[in-house]
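Chain and residue survey
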Number of protein chains: 2
Amino acid sequence: MKPTLQTVADRVGVSRSTVSNAYSRPDQLSPELRERILDAARELGYSGPNPTARSLRSGRAGAIGVLFTTALSIAFTDPYAVQFLRGLAEVAEDNRTGLLLVPLRDDDEGALEAVRNAAVDGFVVYCVPGWYKAMEAAWARGIPVVNSDHFGSLFVGIDEIASTRAAGEHLMRLGHRRVAIVADYISPDRRTGEVSVPSVEDLGSYVSRERLTGYRDAFAAAGLEWSEVITISAAGNSREHGAAAAAYALDRAPRPTAVVATTDLLALGVLDALAARDLRPGRDVSVIGFDDIPDAAQAHMTTVRQPALDRGRIAGRLLLDPPDDPADRRVVLPTELVVRASTGPASTGSV
Amino acid sequence: MKPTLQTVADRVGVSRSTVSNAYSRPDQLSPELRERILDAARELGYSGPNPTARSLRSGRAGAIGVLFTTALSIAFTDPYAVQFLRGLAEVAEDNRTGLLLVPLRDDDEGALEAVRNAAVDGFVVYCVPGWYKAMEAAWARGIPVVNSDHFGSLFVGIDEIASTRAAGEHLMRLGHRRVAIVADYISPDRRTGEVSVPSVEDLGSYVSRERLTGYRDAFAAAGLEWSEVITISAAGNSREHGAAAAAYALDRAPRPTAVVATTDLLALGVLDALAARDLRPGRDVSVIGFDDIPDAAQAHMTTVRQPALDRGRIAGRLLLDPPDDPADRRVVLPTELVVRASTGPASTGSV
DNA sequence: TTGAAAGCGTTACCAC
DNA sequence: GTGGTAACGCTTTCAA
């Protein structure tokens, strides 16, 4: 039988309230009595108030729920996600709050259950394409939800369209006209391969949709028709999937002079694919990523930098202390096109 | 006012129990009634039983607490930790259990508070040198604690000493006699620099202590005195710290013919330091790491492979379903010395 | 400074 | 198939 407040109270010969005070409001009783209580507790193996009971009573769970795109076991492999989490964790720590990684399993029902059952004070939704039900379940909880990918009441994100438009303009300025785009979650069956995206607006994944839109607009402004652009679906956001997807662009004639990707991880895969074919990035084929993860710099890759750490931090602050002014509840962070060696003028002579 | 079970019960005209059953034991009532209840709930904005109250009643928190070495914001940067977490997350998902990252702040009191206040069913202690108090607090909770670095009742780990002994023997076989070791957490002040470690046994960090012991034993067996070995402290487990520490070995005469490190991250830093000095790994200076993280293979680095993913998985299983037989409560996983190009014969002629 | 009493929102048991 | 009743372990007035 586990000791409870009452056990300790009985032992010392005081009431529950006094023992409770000994832990939660030390100033409410004499130091000696407190010491006696704490001693008794130690002796009885009582390690302090039961967190769950305390939560129930106080109405505070002491944790932030984190909702991920995919299996939580994947989350840690994406450097961008890791940065985001670090920022979030930092703020959580400062507020004596834990981070609860919610297990969103593959089946819909399981995911809903998990969201409804999470003992948390709010949710940070990191990136949940296709999990609208889970998101709705989070909303239904009636606790704050910070969304970084869709527009909700609490939002922290970037101007996705403007960001990729800038990248697209850079490409157009360099004279590229044969372009391929690699994106994840753009084919319904989640396979890797070329896919036709007649209307970007209909894409299910927020991130891919917005980023493709930016490119499309930049291309259009330069007179490049969207229908001429090769769109390739990657089965997931990883370097390997990026390389596999790139093959569909690189192994065709005429070969595109530029291959852009919606994330750095995918773009690094594109670089891998170039290397495997002895093609020189920025000379034979230009490559652009998105995120500016550490490996991007090492690979001398042109990309769009977004402040992942800040996004996490702000998400945490928004959640822990939601501003009253609606205007303050939506934060749009700046991005920056970082030009490195992976982009260069379109080599007109190449086949 | 948030709706509760009672609110819904009143609305439908049934008792609380029936509403509770509608959610938790659907087979206990007629489908029609259940539908009516669920509809009413939706209408009222009731999103299901309060997780905290449910936890209190059922005695199950639905989460595993994860205790990290350092600020949880650091945890994600160590590839080994990430692998471990992935394994753990996998098992947690399968058991509909969340992962609560507990904010161990820098001050002792804050850490204790956090551990005592975490609403979890058990703890996985990943690597907490210097946080003995936090560990004791976890133990005191009276819930299962899986330890991977110290010997507790539930344990999953490797034979640290035998692992590095094998690495040390490899080095001795290659004829190295001027050797430096880079390790983190071996100087009391956590600074980077050469440090004297007269008795390995007294080191505070479990991992560093065990791994140095293995090396020491291997060296001793080959007739190399421990006092002749250069021990260098790294201020933390990162590539940068590894490079900084390596400088203390490489910039002296005579230069060691081998520099080993207690983790791959540190060892990769050593390789960086070699590169900066135009020294060839495996030719001019041999390097050995520990863990076999993905980058190690890419760097052609000799290292000790340990099954990080499995460690995480087993930690989860041990926690969620502690075996009765004490023998099964301690799992020692195999390791393997992976010899790559970063080690070679001691170049007798080098200075 | 201390204690009694009233919940917090749920679930489990046992009658009906 | 359904509904009381009694916990689960704690915190918080409020009165003494």
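This section reports on the structure supplied with the text. Keep in mind that what you see is a predicted model, and the values were worked out from it rather than measured.

1. A short note on the overall build of chain A
Counting its secondary structure elements, chain A contains 14 helices and 13 strands. A globule of 351 residues ought to have a C-alpha radius of gyration of about 20 Å, yet chain A, at 26 Å, is considerably larger. Projected onto its principal axes, the C-alpha coordinates of chain A cover approximately 90 × 40 × 35 Å. When burial is assessed residue by residue, chain A has 54% of its 351 residues classed as buried.

2. Considerations on the nonpolar core
Within the largest apolar cluster, 151 residues are counted, with the highest numbers of intra-cluster contacts made by Leu99(A), Val182(A), Phe219(A), Leu99(B), Val182(B) and Phe219(B). If we ignore the near neighbours within four places in the chain, the residues touching Phe219(B) are Gly168(B), Leu171(B), Met172(B), Val179(B), Ile181(B), Leu224(B), Trp226(B) and Val229(B). Of all hydrophobic cores here, the second largest spans 38 residues; its members include Leu67(B), Leu100(B), Leu112(B) and Ala134(B).

3. Concerning the interface of chain A and chain B
The figure often quoted for interface size is the accessible area lost as the parts come together. Counting residues at the interface gives 41 residues for chain A, matched by 41 residues for chain B. With both sides pooled, the region where chain A packs onto chain B buries about 3700 Å², and carbon together with sulfur makes up 61% of that total. On the surface where chain A and chain B come into contact, there are zero salt bridges. Counting across the chain A and chain B interface gives four residue pairs in polar contact (both at pLDDT 80 or more). Going through the elements one at a time, helix H4 (51–58), helix H5 (72–75), helix H6 (79–94), strand S2 (98–101) and helix H7 (108–117) of chain A are the ones with two or more residues in the side of chain A that touches chain B. Ranked by the residues each element gives to the side of chain A that touches chain B, the list is headed by H6(A), at seven residues. Among the residues forming the side of chain A that touches chain B, the class breakdown is 19 nonpolar, 11 polar and 11 charged. When S2(A) meets strand S2 (residues 98–101) of chain B, the two strands line up antiparallel, connected through three bridges. Counted as the bridge partner of Leu101(A) is Leu99(B) from S2(B).

4. Let's talk about the packing of aromatic side chains
All names here are of chain A. As enumerated under the stated definition, the model contains four aromatic pairs over all chains in all. Centroid distance Tyr 23 to Tyr 46: 5.8 Å. Interplanar angle 70 degrees. Geometry classified as edge-to-face. With Tyr 23 in helix H2 (residues 16–24) and Tyr 46 in the loop between helix H3 (31–44) and H4, this residue pair connects regions lying 23 residues apart in the sequence. The exposure class of Tyr 23 is partly exposed, given its relative accessible area of 24%.

5. Things to note about the sheet that holds strand S5 (residues 154–158) of chain B
With respect to topology, 12 strands assemble into an open sheet ordered S12(A)-S5(A)-S4(A)-S3(A)-S1(A)-S2(A)-S2(B)-S1(B)-S3(B)-S4(B)-S5(B)-S12(B), the strand pairing being mixed. Edge positions in the sheet fall to strand S12 (330–333) of chain A together with strand S12 (330–333) of chain B, since each has one partner strand and no second. Along the sheet, successive strands turn relative to each other by an average axial angle of 20 degrees, direction set aside. In the packing of helix H6 (residues 79–94) of chain B onto the sheet, contacts are made with strand S1 (63–67), S2 and strand S3 (122–125) of chain B, and the angle to S2(B) comes to roughly 140 degrees.

6. Topic: the side chain of Ser47(A)
In this fold, Ser47(A) is placed in the loop between H3 and H4. Beyond its immediate stretch of four places on either side in the chain, Ser47(A) contacts Arg116(B), Ala140(B) and Arg141(B).

7. Digging into the environment of Asp310(A)
Structurally, Asp310(A) can be placed in helix H14 (residues 308–320). Each C-alpha atom, one on Asp310(A) and one on Leu67(A), is 18 Å from the other, the two residues being 243 residues apart in sequence.

Calculation rules
- Residues numbered from 1 in each chain as written.
- Chains lettered and ligands numbered in written order.
- Predicted model: local features only at pLDDT ≥ 70, side-chain atom pairs only at ≥ 80, totals over all residues.
- Heavy atoms only, no water.
- Helix = DSSP H or I, 4+ residues; strand = E, 2+ residues; numbered from the N terminus.
- Rg over C-alpha atoms; globule rule 2.2 N^0.38 Å.
- Buried < 20%, exposed > 50% of the residue type's maximum accessible area, 1.4 Å probe, protein only.
- Core = buried A, V, L, I, M, F, W, Y, C linked by side-chain atoms within 4.5 Å.
- Contact = heavy atoms within 4.5 Å.
- Buried area = accessible area lost by both parts, 1.4 Å probe.
- Salt bridge = Lys/Arg side-chain N within 4 Å of Asp/Glu carboxyl O.
- Polar contact = N/O pair within 3.5 Å; in protein donor to acceptor, adjacent residues only side chain to side chain.
- Nonpolar A, V, L, I, M, F, W, Y, C, P; charged D, E, K, R; others polar.
- Pairing = 2+ DSSP bridges.
- Phe/Tyr/Trp six-rings, centres within 6.5 Å; stacked < 30°, edge-to-face > 60°.
- Axes fitted to C-alpha atoms, helices over the stretch in contact; angles between N-to-C directions.

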